[in-house]
Amino acid sequence: MSTPQVEPTDRKILSLLATDGRMSFTDLGKATGLSTSAVHQRVKRLESRGLIRGYGATIDHPQLGRPLTAFVSITPLDPSQPDDYPDRLAPLEAVESCWSVAGEESYILKVRVGTPADLEELLGQVRAAANVRTRTTIVLSTPYENRPLAGD
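Residues numbered from 1 in each chain as written. Predicted model: local features only at pLDDT ≥ 70, side-chain atom pairs only at ≥ 80, totals over all residues. Heavy atoms only, no water.

A.B. asks: What exactly am I supposed to notice about the nonpolar core here?
C.D. replies: If you look at soluble globular proteins, the nonpolar side chains tend to sit buried side by side. Counting 19 residues, the largest nonpolar core has Ile 74, Leu 89, Leu 109, Val 111, Leu 119, Leu 122 and Val 126 as its most contacted members. Where this core is concerned, the elements lending two or more residues are strand S1 (68-76), helix H4 (85-89), strand S3 (107-113) and helix H5 (116-130). Counting residues per element, this core draws most heavily on H5, which supplies 5 residues. If we ignore the near neighbours within four places in the chain, the residues touching Leu 122 are Leu 92, Ala 94, Val 111 and Val 113. (Core = buried A, V, L, I, M, F, W, Y, C linked by side-chain atoms within 4.5 Å. Buried < 20%, exposed > 50% of the residue type's maximum accessible area, 1.4 Å probe, protein only. Helix = DSSP H or I, 4+ residues; strand = E, 2+ residues; numbered from the N terminus. Contact = heavy atoms within 4.5 Å.)

Structure representation (structure tokens):
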């Protein structure tokens, strides 16, 4: 299965929107050398193709009282049980992301909490909800995250 090709102008639009999802069609046009209506059509086409899946805000988690980020790898205690861990863990608000992975672990969770005690409590909730073993890595700093595409 081949990866669909994205032409350089569309890639530039994707890069600009990844950096600033609120950029106007006029500003996108200036940055790409296209008319506002041409940019509008391209963005709509990128959305319909699924290359743009949505727009969102970049949140300052420490200001929301969740300065501690950790990655929690989970491994089933009983591998014969159904693989429904994402569904079991979805109600846990502190779980920001859940990735199915290859290797020893089944999933890796990205979690955000306020304190080490909150993390300890969350790990207990994860273990109880999903009947899994956990391995946790605490993030010390984040030099960069959610980097936009490089414009070609």
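A.B. asks: I would appreciate a short explanation of the pattern of salt bridges in the present structure.
C.D. replies: A pair can form between side chains of opposite charge whenever their charged atoms are brought close. Under the counting rule described, the total for this entry stands at 11 salt bridges. Among the salt bridges present, the one from Glu 7 reaches Arg 42, with a minimum N-O distance of 2.9 Å. Within this pair, whereas Glu 7 is found in the segment before helix H1 (8-19), its partner Arg 42 is found in helix H3 (residues 36-48), the two being separated by 35 residues in sequence. By relative accessible area, which is 37% here, Glu 7 ends up partly exposed. When the shortest N-O distance is used, the salt bridge between Lys 110 and Glu 145 registers 2.1 Å. Remark: Glu 145 occurs in the segment after strand S4 (132-138) and Lys 110 occurs in strand S3; sequence separation between them is 35 residues. For Lys 110, a relative accessible area of 8% translates into the label buried. (Salt bridge = Lys/Arg side-chain N within 4 Å of Asp/Glu carboxyl O.)

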